[in-house]
Amino acid sequence: MSKTNRGSTAALPVVVLISGSGSNLQAIIDAIRDDGLPVEIRAVISNRPEAYGLVRARAANIPAEVIDHTTFSDRSEYEAALQQLIDQYAPALVVLAGYMRILGTAFVKHYQGRMLNIHPSLLPDFPGLNTHQRALDAAVAEHGASVHLVTSELDGGPVIIQATVPLLPDDDATALAQRVQTQEHQIYPLAIRWFAEGRLTVRAGELLLDQKPLHQPIYYGQTTVSP
Ligand code: GAR
């Protein structure tokens, strides 16, 4: 944990990547403002110019940037430009919050151990897209969301925390997504807090929480780990 000379925890510099609505971004902004989350969002970057999350960022006086992937001829050029922009803000942590591009190996390696993602399923179940419909089709007993460290395997990095929701008889994908998102807005700020406070660390690709190896995810609401 980094301390200022007054003894308070210094805010962790963070860059948030989005593609859409940015409700997870909003949850992080709210947690900084209302709950003392020790984070400074230095910039929000979207690959889509129309992403509503950019409006949320500007409303919170956070620099809102766009690097439109459709204007690049290939992925490596796009990712090089994205990396250059991110690094101008010198983040200690990159937060993927509804960022809907698959990232290449070089980019992921550059942010190894300091890039988190939130995914709308109980990983390793349902990596990729359309997770809510796939959970309904599979008639799973429970569904949910996961916060994980990003590695080069799509949605495959070690999971930090998960929250579960039940499937209800009249559920459709929209209703289920809303219920999952409510949980996302709890667990993402919490995982980021652990990282910012130095409680969540990465050693040789392995997650440690409070210095102990995290062999399985923390289950939100069913844990003895203090928030
Ligand atoms: C969230 O549900 C997040 O889990 C999902 O996109 C949504 C973004 O919502 N992410 C992925 O599917 C990543 N593979 P938001 O823009 O309102 O935060």
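Model, not experiment: these values are computed from the prediction.

Q: Mind showing me how you'd approach the overall build of the chain here?
A: Looking only at helices and strands, one finds 6 helices and 11 strands in the chain. Taking the principal axes of the C-alpha coordinates as reference, the chain spans close to 50 × 45 × 35 Å. Contacts in the chain between residues at least 24 apart in sequence constitute 62% of all its contacts with a sequence separation of at least 6. Once the 17 positive and 23 negative side-chain charges of the chain are each reduced to a mean point, those two points are 8 Å apart.

Q: Looking at this structure, how should I read helix α2 (residues 52–59)?
A: Owing to its 3.6 residues per turn, the α-helix brings residues three or four apart onto one side. Residues of α2 that are buried: Gly53, Leu54, Arg56 and Ala57. For α2, the angular spread of buried residues about the axis comes to 160°, placing them on one side. Buried-residue contacts for α2 involve β1 (12–18), α1 (23–35), β2 (39–46) and β3 (64–66). Immediately downstream of α2, the backbone of Asn61 shows phi near 60°, a positive value.

Q: Whenever I open this one, the packing of aromatic side chains confuses me. Can you help?
A: Aromatic ring pairs: the centre-centre distance and the angle between the two ring planes describe each pair. Tallying each qualifying case throughout the model produces 2 aromatic pairs. Ring geometry for Phe72 against Tyr78: centres 5.7 Å apart, planes inclined by 65°, an arrangement best described as edge-to-face.

Q: Looking at this structure, how should I read the nonpolar core?
A: One recurring pattern in soluble globular proteins is that nonpolar side chains are buried together. If you look at the biggest cluster of nonpolar residues, it comprises 44 residues, and the most contacted ones within it are Val16, Ile41, Val95, Ile160, Ile161, Tyr188 and Ile192. Beyond its immediate sequence surroundings of up to four residues, Ile161 is in contact with Ala145, Ser146, Val147, Ile187, Leu190, Ala191, Trp194, Pro217, Ile218 and Tyr220. Residues Leu17, Tyr99, Val108 and Met115 belong to the second largest nonpolar core, which totals 19 residues.

Q: Before we go on, may I ask you to explain the packing of α1 against α2 in this structure?
A: A pair of packed helices is captured by two measures, namely the crossing angle of their axes and the spacing between those axes. Put simply, α1 and α2 touch, their axes get as near as 9 Å, and they point 15° apart. Viewed along their axes, α1 and α2 adopt a mutual orientation that is roughly parallel. When you trace α1 past α2, the crossing you get is right-handed. Between α1 and α2, the residues in contact are Ser23, Leu25, Gln26 and Ile29 and Gly53, Arg56 and Ala57, respectively. Each residue belonging to the contact of α1 with α2 can be placed in one class, and the counts come to 3 nonpolar, 3 polar and 1 charged.

Q: What should I look at first to understand the site of the ligand in this one?
A: The local shell around the ligand consists of Ser21, Gly22, Ser23, Asn24, Gly98, Met100, Ile118, His119, Pro120, Gln181 and Glu184. Between the ligand and the protein, one listed contact pairs an oxygen atom with a backbone N or O atom of Gly22 at 2.7 Å. At 2.7 Å from an oxygen atom of the ligand is found a side-chain nitrogen or oxygen belonging to Glu184. A total of 450 Å² of accessible area belongs to the ligand in isolation, and the protein chains cover 88% of it. Looking at the shell around the ligand, the elements that each hand over two or more residues are α1, β5 (115–119) and α6 (173–196). Tallied by class, the residues present in the shell around the ligand amount to 3 nonpolar, 7 polar and 1 charged.

Q: Just checking my understanding: could you explain the side chain of Ser121 for this structure?
A: Tracing the sequence through the fold places Ser121 in the loop between β5 and α5 (131–138). In terms of polar contacts, Ser121 uses its side chain to reach the backbone carbonyl oxygen of Phe126, at 3.2 Å. For Ser121, the contacting residues outside a window of four places in its chain are Phe126, Thr131, His143, Gly144, Ala145 and Ser146.

Q: Would you mind going over the environment of Ala204 with me for this structure?
A: Mapping Ala204 onto the fold places it in the loop between β8 (200–203) and β9 (206–209). A relative accessible area of 86% means that Ala204 is categorised as exposed. In this structure the C-alpha to C-alpha distance between Ala204 and Gly113, which are 91 residues apart in sequence, comes to 8.7 Å.

Q: I'm lost on unusual backbone geometry in this one. Help?
A: For residues other than glycine, phi is negative in most cases, and the peptide bonds are mostly trans. The amide bond that connects Leu123 to the next residue, Pro124, takes the cis arrangement and shows omega of 15°. Within the element layout of this structure, Pro124 appears in the loop between β5 and α5. At Ala90, a residue that is not glycine, the phi angle is positive and equals roughly 45°. Mapping Ala90 onto the fold places it in the loop between α3 (75–88) and β4 (93–96).

Cut-offs used in this document
- Residues numbered from 1 in each chain as written.
- Predicted model: local features only at pLDDT ≥ 70, side-chain atom pairs only at ≥ 80, totals over all residues.
- Heavy atoms only, no water.
- Helix = DSSP H or I, 4+ residues; strand = E, 2+ residues; numbered from the N terminus.
- Contact = heavy atoms within 4.5 Å.
- Lys, Arg positive; Asp, Glu negative; His and termini not counted.
- Charge placed at Lys NZ, Arg CZ, Asp CG, Glu CD.
- Buried < 20%, exposed > 50% of the residue type's maximum accessible area, 1.4 Å probe, protein only.
- Arc of directions from axis to C-beta.
- Phe/Tyr/Trp six-rings, centres within 6.5 Å; stacked < 30°, edge-to-face > 60°.
- Core = buried A, V, L, I, M, F, W, Y, C linked by side-chain atoms within 4.5 Å.
- Axes fitted to C-alpha atoms, helices over the stretch in contact; angles between N-to-C directions.
- Parallel < 35°, antiparallel > 145°, perpendicular 65-115°, else oblique.
- Left-handed = near helix turned anticlockwise from the far one by under 90°.
- Nonpolar A, V, L, I, M, F, W, Y, C, P; charged D, E, K, R; others polar.
- Near = heavy atom within 4 Å.
- Polar contact = N/O pair within 3.5 Å; in protein donor to acceptor, adjacent residues only side chain to side chain.
- Areas by Shrake-Rupley, 256 points an atom, 1.4 Å probe, with all protein chains shown as cover.

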